[in-house]
Amino acid sequence: MHQTFQQSVIDEFRANAGTVGGPFEGTDLILLTTTGARSGKPHTTPLGYVRDGRRLLVVASGLGAPLHPDWYRNLLAHPAVRVELGGETYDCLAVPAEGARRDELFARVVAEAPGYADHQEATDRVLPVVVLELPGPDPAAPPVRSLADKLVEVHTWLRGQLRHVHDETEAHFAARADRTGGGEPPSPGLGLQIRQRCLAFCQALEFHHTAEDGHMFPAMEDHHPHLRDVFDRLRHEHRAIGAVQSALAALLADAAVAEPDRFRSELARMTDKLTAHLDYEEEHLLPLLAEVPWPPAAPGSRTA
């Protein structure tokens, strides 16, 4: 799709809550925003989709081109994506399906959009099917009224994602242990689902720690100089956790992880270090942040 035409589709989509005319009239479209694998910049692409419950299925077909489209390579490098659907915007994890599950979902897509079968016939590559899980509302989530609440919300998400990675890793090892049949087992790998979730977790954690080191900690330290040792310890722990992140990232450099046992060991090390770090941070910082309103007031605004 030519860049100028693509931008006109994006503009029309956003101006009309997802309704687009012309050649896309009547087509189910989303806007998928990925982070450039090399540039790190956001890129938005209009894509057709098939809904499957709370999941959206998109196919990296490129109309049957011989190479994967850029947006697919982007989400392999940065699994956290943004989806615009109608007038709503969602932050999602992008997970390509594998093996039999990919084939099942591709058949589901072709049943609603037969043109994708023609795209598959036109190329030798297997067209990836990417699952975008839309987050549902969480009525049990406590309201966020202070910076302390916001910090707890972020920490709760990080703990939850780490549990997901751990659970999926253990399920993978259990499935390998139950594998029957003769011959050598397949080359070890942890699968794209684990890879994508772990990579998204590591990238979110790095962003969180960078924001704390660059903004929150210096501001708090100015007001609480007697806690300098606390902030020094937290910064030191950030560096230690970053080293574990780097080890995990090295193992996740390819979609097929070559050393799953080492991955399991590094994941356990990450879990221990991060859990202790978050507990210590909450113990010392939450009392200081409880009276700081969230979201922050706009510059120049006045409260009654």
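Residues numbered from 1 in each chain as written. Predicted model: local features only at pLDDT ≥ 70, side-chain atom pairs only at ≥ 80, totals over all residues. Heavy atoms only, no water.

## Some thoughts on the overall build of the protein chain
For step 1, the next point in the chain: Looking only at helices and strands, the protein chain features eight helices and seven strands.
For step 2, the next point in the chain: Considered along the principal axes of its C-alpha atoms, the protein chain spans approximately 70 × 60 × 35 Å.
For step 3, the next point in the chain: Within the protein chain, buried positions represent 40% of all 304 residues.
For step 4, the next point in the chain: Taking the contacts inside the protein chain whose residues are at least 6 apart along the sequence as the reference set, 70% of them involve residues at least 24 apart. (Helix = DSSP H or I, 4+ residues; strand = E, 2+ residues; numbered from the N terminus. Buried < 20%, exposed > 50% of the residue type's maximum accessible area, 1.4 Å probe, protein only. Contact = heavy atoms within 4.5 Å.)

## Structural notes on the pairing of strand β7 (residues 129-133)
For step 1, the next point in the chain: Within β7, four of the five residues are buried, leaving the element largely enclosed by the surrounding structure.
For step 2, the next point in the chain: Examined bridge by bridge, strand β4 (residues 55-59) and β7 share five bridges and lie antiparallel to one another. Each residue of the ladder has a partner; that of Leu-56, found in β7, is Leu-132.
For step 3, the next point in the chain: Bridge count for strand β6 (residues 88-96) against β7 is three bridges, and the pairing is antiparallel. Bridged to Ala-94 within β7 is Leu-132. (Pairing = 2+ DSSP bridges.)

## Things to note about the sheet that holds strand β1 (residues 29-35)
For step 1, the next point in the chain: Overall, antiparallel pairing links the seven strands, which are arranged β2-β1-β5-β6-β7-β4-β3 in an open sheet. Of all the strands in the sheet, just β2 (42-48) and β3 (50-52) have a single pairing partner and so form its edges. The sheet shows a mean angle of 35° between the axes of neighbouring strands, direction not considered.
For step 2, the next point in the chain: Across three bridges, the pairing between β1 and strand β5 (residues 80-85) is antiparallel. Across the sheet, the residue bridging to Leu-31 is Glu-84, located in β5.
For step 3, the next point in the chain: Seen against the sheet, helix α2 (residues 70-77) touches β1, β2, β4, β5, β6 and β7 and runs at an angle of roughly 50° to β1. (Axes fitted to C-alpha atoms, helices over the stretch in contact; angles between N-to-C directions.)

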